[in-house]
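Notes for the structure review
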Amino acid sequence: MRGARFGSWLALALGVLYFLVPLISTLEFSMRMKRGEYSFEAYRVVLGDPRFQQSFLYSTTLALATIVIGVLLVLPTAYIIRLRLPKLRPIVEFITLLPLVVPAIVIVFGYLRIYNSSSFLPMTASARATDLLLTFGYVTLSLPYMYRAVDSGLRAIDVRTLTEAAESLGAGWPTILFRVILPNVRSAILSGAFLTFAIVIGEFVFASLLNRPAFGPYLQLVGANRAYEPAALAIIAFLVTWACMGLIQVFGRGTRASRPSL
Amino acid sequence: MAFLELENLSKSFGANVGVHQVTLAIERGEFVSFLGPSGCGKTTTLRMIAGFEQPSSGDIRIDGRDVTGLRPNQRNIGMVFQSYALFPNMTVAENVGFGLKVARAPATEISSRVEEMLQLIGLPQHGERYPYQLSGGQQQRVALARALAVRPTLLLLDEPLSALDAKIRISLREEIRRVQRQLGITTIYVTHDQEEALSMSDRIVVMNEGRIEQLGTPFEIYNYPRSRFVASFVGTLNTLATIVTDPASGRVEVDGQPLTVSGLNGAKPGDRLTFALRPEAISFRSPTPGINTLAGTLEEVSFLGSIVRMRVRFGENVLSLDTFNTPNEPPPSRGDHVTVGFAARDLRLLDNS
Amino acid sequence: MRRSFPLAWLGLLPFLVFAILFLLLPTAYLVIGSIQDPAGNFTLGNIAQLFQPNILSAYWISIRISAASAIIGGLLGFLLAYAVVLGGLPAWIRPTLLTFSGVASNFAGIPLAFAFLATLGRTGLVTWLLFTYFGFNLYATGFNLLSFWGLTLTYLYFQIPLMVLILTPALDGLKKEWREASAILGASSWQYWRYIALPVLWPSILGTVLLLFANSFGAVATAYALTGSSLNIVTILLYAQIRGDVLHDPHLGYALALGMIVITGLSNGAYLWLRARSERWLR
């Protein structure tokens, strides 16, 4: 077994090297802005850039909207499938897997062809409507992850018994869904929410082709024109992703505790 | 010379001693059970024999050959696991033939041996099935066939029936013993179920906290337990706390009532001694000279159908006894005063009272 | 229950309407449009046009990059997962690696391109280190980050973690008893892997490699930020087409999209089928 252990350490070391070196390089590069010394100048420039603030704010707003709409769509659906219409599960699961199969660029291509100014639903006609279309696109992209998160959360609690208990106490379905079920799958929803946030913040294709001032296109623009700011942005993006994943772990612990030990 | 010899076998896990100085000799063709509660070291000992654990000290010899340093795949031992451990990607036939295949036996030999083994375990038509298509009992039989196909010199079974339903356990228990007798293979069987151990074994090794508490035939273990642990682990145990009154004539006292016992050498008047007494040795009796009797109060009566289980209190002692249901006579009630009797020779003095 | 039955369907309505409007309809529109000409007649002409040299070469490059990053990522990810699950490393390494893999598998897109530019670009840190301390001029050997192998290397950054994330539970599923049973039956370590462990694992391994393939095939942001339009992969081609109507024919664009859907669809379909198969065995 001694030989195996050496090989494992070697594999791990190489892996760590491959994954850390780009991060270190990026950090180093981002600090090179002031000639001859290391500084956080690039970060100051970036964070002070009004376009950074606007695009980040824009993407954050859309991300929140995506999360809300996503939960409103997914929670009742997952609940109904689990409790009342289990036979439709394969269809719904197929739908939630489609965004993973059909590339994002294809989906947004479809949007542009269907919902342009001359269609039955002219969503690209105005900026606001396009914002909405973009949000719906994000909901579609995050659908697989949100559905899987909520479904796991529902699986971990005894939905049937909770519902019957609430019904016997006279609750109607909105009450059951939002005041009984929702609080109990809160951690699962938060996991899905943070993943959605990470996806939306970094998303490029949809925002670029729908011509909206999101964070993704801003990143690409900076990359095309500036030297050191892109590296600073990459570090910022990495930290945001790390924060999202970390928060998933923190909140995911709630669901994990209610599952039997793996 | 015995077939399997364990000499001063020990295993420590850091500060914890899992197995302590186990010495044992098992004859060829014997069926020996390792019996004890969880954590007593029985599985660790078995795994050392198999080669999955390295002993901290001690030797293992099979048929005169020291195997302590050999790897598991060099020892020619068969093993059946609690979780069956059938290879899920192989059919039953492929599973059973696996040992022969890795030994590079010719294909004809493999297929005839597989057929033979499937006949032995009573599943001749199941060769092309996959493990997930079989029930738990069937999977375990296939596991047994797989272990035996390579003609091992020793068969090890690690709680093979624990994962199965009660009924299957009983039928499979008998089948394992039948197969073992037919092949005459030396077998070690690890279990925490004393009924299994008692019904299947030629000899039982009772273990506790890494040590052998007692080694003997089922009859010996059950009727002559040498320690409180063995007595209470195997079967139901009654303990009788007595005070010695006259060692010379073997007289002791329980709850102020006199009893005659044997084996009081070295005891002094006033000593406290504890005796073990099996429930089946006690019966209701009116006071009779020459037989020990005790008068007490009926504390609990449980009607279990064909058996009526009763607990009788004598001061600080409580004895449990069983009687058969008598259709014409309802059982006595709680609070009744009763007299029970038992022979002096049925009392066993416990070593560590 | 009977009364709430139609109510349940009603409850599903928003989801179904959304799915139809924003997922199924756009996809179907493109698929149908790919076999129509501008007049609306059915034709296979668009698909035939896919076989132009520059479009065919775009598909071919995309397939090669996706295959390279999937196979290499799959192999390296497997070795890493093996090291962490079965390699006898300290217990705390596993959750750390899995968390990092979760982050890295989402760290795709434009920031990833920036990171690799800062590492292996002409003015990147590693390039500079290799030259200054080892006298090794990376770019003199013909290596270029803005190329096939550069993009593949960059893609590995999210392919390897994805493999690790999916393979780790699969490796957990290898029961310790199988290894012991095979050993006591006389098998060597190599025989155990050849006859038992790899056959049990290969649906997961192959399936995940296919997933990696589809994942890479549909990616566009990283490639665009790294190579601009210089590397002619299908997603960039489609992107340019949508932006500037480069091909002057939306139906050809539909056909491009159809080709992509077919490839990623087959790949993912095979992944799901293989996953279901391995789950059946291990029930």
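Residues numbered from 1 in each chain as written. Chains lettered and ligands numbered in written order. Predicted model: local features only at pLDDT ≥ 70, side-chain atom pairs only at ≥ 80, totals over all residues.

**Points about the overall build of chain B**
Here is the rule: Helical segments are the DSSP runs of H or I of at least four residues, strand segments are the runs of E of at least two, and each set is numbered from the N terminus. With C-beta atoms placed from the backbone, a residue is labelled by how many other C-beta atoms lie within 10 Å of its own: buried for 20 or more, exposed for 12 or fewer, partly exposed between the two. A residue pair is marked as a contact if its C-beta atoms, positioned from the backbone, fall within 7 Å.
In terms of helices and strands, chain B carries nine helices and 20 strands. In terms of principal-axis extent, the alpha carbons of chain B reach across some 75 × 50 × 35 Å. Taking all 353 residues of chain B together, 39% fall into the buried category. When contacts within chain B are restricted to residue pairs at least 6 apart in sequence, long-range pairs at least 24 apart make up 64% of them.

**Focus: the interface of chain C and chain A**
Condition: The residue classification treats Ala, Val, Leu, Ile, Met, Phe, Trp, Tyr, Cys and Pro as nonpolar and Asp, Glu, Lys and Arg as charged. All others, Gly included, are polar.
The interface is formed by 58 residues belonging to chain C together with 59 residues belonging to chain A. Breaking the side of chain C that touches chain A down by element, the ones donating at least two residues are helix 1 (4-34), helix 3 (53-86), helix 4 (93-106), helix 5 (110-120), helix 6 (125-134), helix 10 (221-227), helix 11 (234-244) and helix 12 (250-281) of chain C. At 15 residues, the largest contribution of residues to the side of chain C that touches chain A is made by helix 1 of chain C. Here the residues of the side of chain C that touches chain A sort into 40 nonpolar, 17 polar and one charged.

**Looking at helix 7 (residues 148-172) of chain C**
All names here are of chain C. Rules: To estimate how far a helix should extend, the number of its residues minus one is multiplied by 1.5 Å. The seven residues ending at a residue and the seven starting there each receive a fitted axis; the angle between those axes is the bend at that residue.
Taking 1.5 Å per residue, 25 residues should reach 36 Å; helix 7 reaches 35 Å between its end C-alpha atoms and fits that length. Leu 156 marks where helix 7 bends most, by close to 40 degrees. Within helix 7, 18 of the 25 residues are buried, leaving the element largely enclosed by the surrounding structure.

**Describing the interface of chain C and chain B**
Counting residues at the interface gives 19 residues for chain C and 18 residues for chain B. Secondary structure elements with two or more residues in the side of chain C that touches chain B: helix 8 (176-184), helix 9 (189-217) and helix 12 of chain C. With six residues, helix 8 of chain C is the largest single contributor of residues to the side of chain C that touches chain B. Its residues placed into classes, the side of chain C that touches chain B shows 11 nonpolar, three polar and five charged.

**Observations regarding the packing of helix 11 (residues 215-225) of chain A against helix 5 of chain C**
Selection rule: Angles shown run from 0 to 180 degrees and are taken between the N-to-C directions of axes, each axis being a line fitted to C-alpha atoms and, for helices, limited to the stretch in contact. We call two directions roughly parallel when the angle between them is under 35 degrees, roughly antiparallel when it is over 145, roughly perpendicular when it lies between 65 and 115, and oblique otherwise. Crossing chirality is assigned from the near helix's rotation relative to the far helix, an anticlockwise turn below a right angle marking it left-handed and a clockwise turn marking it right-handed.
The contact between helix 11 of chain A and helix 5 of chain C brings their axes to 9 Å, and the two run at 25 degrees. With respect to helix 5 of chain C, the element helix 11 of chain A is oriented roughly parallel. Classified by chirality, the crossing of helix 5 of chain C by helix 11 of chain A is left-handed. Contact residues: helix 11 of chain A offers Gly 216, Leu 219, Gln 220 and Gly 223 of chain A, while helix 5 of chain C offers Ile 110, Pro 111 and Phe 114 of chain C. Class assignment for the residues of the contact of helix 11 of chain A with helix 5 of chain C results in four nonpolar, three polar and no charged.

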